[in-house]
Amino acid sequence: MLFAEQLSPDEVSVRENPERQALVRSLLHDFGRTFPTIEFSLVYEFRFLNAQALLLGSGRHVKLYGGLAFHNRLGKDALAFALLHEAGHHLAIGSRLNWNPCLACECVSDLWAVNEGASTLHEQTGYSVNIAKAVEELDQVIGQTSQPNPSHDCWALSWLDRKNSMLKKGPPRGPGECRLGELMMRATNARQVEGGGQRPGV
Ligand SMILES: [Zn+2]
Ligand SMILES: [Zn+2]
């Protein structure tokens, strides 16, 4: 997830703009081609400023919601980053989400998105995501009031910390600082050893 929010009524949507519709279609097509183990799709009618990684049956999915896809202040870079972040939940290796150990934690998904994910997208499509521009655009629309509790939450639940990490400002922060991810990794590893199961997220 980015930050789940319903759009306020005064926020302008460009849903009727044919150019924007073509951009969203082409991004989803490019992402599907670049990361073929994931099915990327648009949920046009949901006005959430969000995207989501989901496991449905044995399939891996990324849903891009209409409120994010057609927000007038978000351009191609912000949308591409959002899709990379969601792909990261499926493909990144490392700390896990507390409610679903088959998906990577927020911090690991961001790190994967700006590094491996962005490089793979560039190799496959020739498109370079401008991370600084993505952060600038998202910064205008993400309103965050509550802060995570550093003693047991993922640090990437703080938008300020998250954007500094994406822009590589300040000391690098990694999953080692994610209290939630660390606990979940231990639990997941213990379960895998017991059950001899597959490594999740691959
Ligand atoms: Zn997320
Ligand atoms: Zn984390």
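Data block above holds the structure.
Position labels on residues start from 1 in each chain and follow its written sequence. Following the order in which they are written, the chains are lettered starting with A and the ligands numbered starting with 1. Given that this is a predicted model, residues contribute local features only at a pLDDT of at least 70 and side-chain atom pairs are listed and counted only at 80 or more, while totals for whole chains, interfaces and linings are drawn from all residues.

Ordered by their spatial adjacency, three strands build an open sheet running 1-3-2, and the pairing between neighbours is mixed. One side of each edge strand has no neighbouring strand; the edge strands of this open sheet are strand 1 (38-43) and strand 2 (51-56). Strand-to-strand, the axes of this sheet are offset by a mean angle of 25 degrees, without reference to chain direction. When DSSP finds two or more bridges between two strands, those strands count as paired. Comment: elements are numbered from the N terminus, with helices defined as DSSP H or I runs of at least four residues and strands as E runs of at least two. Relative to strand 3 (residues 59-65), strand 2 runs antiparallel, the two sharing six bridges. Paired with Q52 across the strands is K63, a residue of strand 3. Along the sheet face, helix 1 (residues 18-34) touches strand 1 and strand 3 and points at about 165 degrees away from the line of strand 1. Any pair of residues counts as being in contact when their C-beta atoms, constructed from backbone geometry, are within 7 Å of one another. Angles shown run from 0 to 180 degrees and are taken between the N-to-C directions of axes, each axis being a line fitted to C-alpha atoms and, for helices, limited to the stretch in contact. The strands touched by helix 3 (residues 76-91) within the sheet are strand 1, strand 2 and strand 3, with strand 2 carrying the most contacts at an inclination of about 30 degrees.

Before going further, it helps to spend a moment on the nonpolar core. To count as a nonpolar core, a set of buried Ala, Val, Leu, Ile, Met, Phe, Trp, Tyr and Cys residues must be joined through C-beta atoms within 7 Å. To sort residues by exposure, count the other C-beta atoms lying within 10 Å of each residue's C-beta; 20 or more gives buried, 12 or fewer gives exposed, and values between give partly exposed, all with C-beta atoms placed from the backbone. Judged by nonpolar contacts, the single largest core of 47 residues is most densely connected at L68, L79, F81, L83, L84 and C107. Within the residue set of this core, elements represented by two or more residues are helix 1, strand 2, strand 3, helix 2 (66-69), helix 3, helix 4 (106-125) and helix 5 (131-141). With nine residues, the top contributor of residues to this core is helix 3. If we skip the residues at most four places from it in the chain, L83 touches L27, F31, F40, A51, V62 and L64.

The angle between axes fitted to the seven residues ending at a residue and the seven residues starting there is what we call the bend at that residue. At A113, helix 4 shows its strongest bend, of approximately 45 degrees. Positive backbone phi, approximately 80 degrees, marks G126, located one or two places after helix 4.

Mapped onto the secondary structure, R33 falls in helix 1. Judged by C-beta crowding, with 12 C-beta atoms within 10 Å, R33 ranks as exposed. Sequence separation between R33 and Q124 is 91 residues, and the spatial gap between their C-alpha atoms is 8.0 Å.

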